[in-house]
Amino acid sequence: EIGSGLVGSEMCIRDRRYIGIVFLCVAVMVALLGCDRAEESAEKVYIAYLEACKVSAEAPLPYCHYEHEILRGYAADIGEGQLIDTYRILERNKINKDLYEFTTEVTDRSGDQQVCYQFVGRIDGEFYVMINTYEIPAELQEGLNVDDYTYYQENTLPIEDVWEQQAEEPTD
């Protein structure tokens, strides 16, 4: 540059520093935008799942991840009595970069209302809904305190008892 007192190689060194700083700023901005998009993507999948829960017992199944296939069968067999009428997402919590918890108030078609914890996690690059903590794969559980999201209703069997009963049933 004329009048700067710098010669060609000195200008290149100075310009390289500026280029490095600009590159770093752009990389940080892209990373931050990616984080927001992941949360938005997780919420979009969760809303699609909730909307599907208004349609039929089978409609939400493609949005769900089941660690135990027996539970997929139970979900499909629950029937139309468990369809929701309305929902309201009360809270969204980021557990880690691949797992989000949604606290949701749902009202079923009979008018019964409850607040539930459900999760959306990224598995193989795609987001899936997990309706209970035991459906969350071990690799997604970093930072998850299961006790914070565990609740038992009267006459509810712990999932371990369900698996044990299933294992004892004869197969055809």
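Residues numbered from 1 in each chain as written. Predicted model: local features only at pLDDT ≥ 70, side-chain atom pairs only at ≥ 80, totals over all residues. Heavy atoms only, no water.

1. What about the confidence of the model for the chain?
At step 1: Looking at the chain, the pLDDT average stands at 77 and 61% of residues meet or exceed 70.
At step 2: Taking the mean pLDDT of every element in the chain, the minimum, 55, falls on helix α3 (residues 159-168) and the maximum, 96, on strand β4 (residues 126-130). (pLDDT = per-residue confidence, 0-100. Helix = DSSP H or I, 4+ residues; strand = E, 2+ residues; numbered from the N terminus.)

2. Let's talk about the environment of Q118
At step 1: Take Q118: it is sitting in strand β3 (residues 113-123).
At step 2: Exposure remark for Q118: the relative accessible area of 9% places this residue in the buried category.
At step 3: Sequence separation of Q118 and F102 is 16 residues, and the distance between their C-alpha atoms is 5.3 Å.
At step 4: Beyond its immediate stretch of four places on either side in the chain, Q118 contacts Y46, Y49, L50, Y100, E101, F102, M130 and I131.
At step 5: Engagement of the side chain of Q118 in a polar contact is seen with the side chain of Y46, the distance being 2.8 Å. (Buried < 20%, exposed > 50% of the residue type's maximum accessible area, 1.4 Å probe, protein only. Contact = heavy atoms within 4.5 Å. Polar contact = N/O pair within 3.5 Å; in protein donor to acceptor, adjacent residues only side chain to side chain.)

3. Describing the packing of aromatic side chains
At step 1: Taken as a whole, this structure holds 5 aromatic pairs when the rule is applied.
At step 2: Between Y46 and F102 the ring centres are 4.5 Å apart and the planes differ by 15°, which places this aromatic pair in the stacked class. With a gap of 56 residues between them, Y46 in helix α1 (residues 8-52) and F102 in strand β2 (residues 99-108) connect regions that are remote in the sequence.
At step 3: A relative accessible area of 0% places Y46 in the buried class.
At step 4: Taken together, a centroid distance of 5.3 Å and an interplanar angle of 90° make the contact between F119 and Y149 edge-to-face. Of this pair, F119 sits in strand β3 while Y149 sits in the loop between β4 and α3, placing them 30 residues apart in sequence.
At step 5: By relative accessible area, which is 14% here, Y149 ends up buried.
At step 6: Through pairs of rings, three or more aromatic residues link up here, namely Y46, Y49 and F102. (Phe/Tyr/Trp six-rings, centres within 6.5 Å; stacked < 30°, edge-to-face > 60°.)

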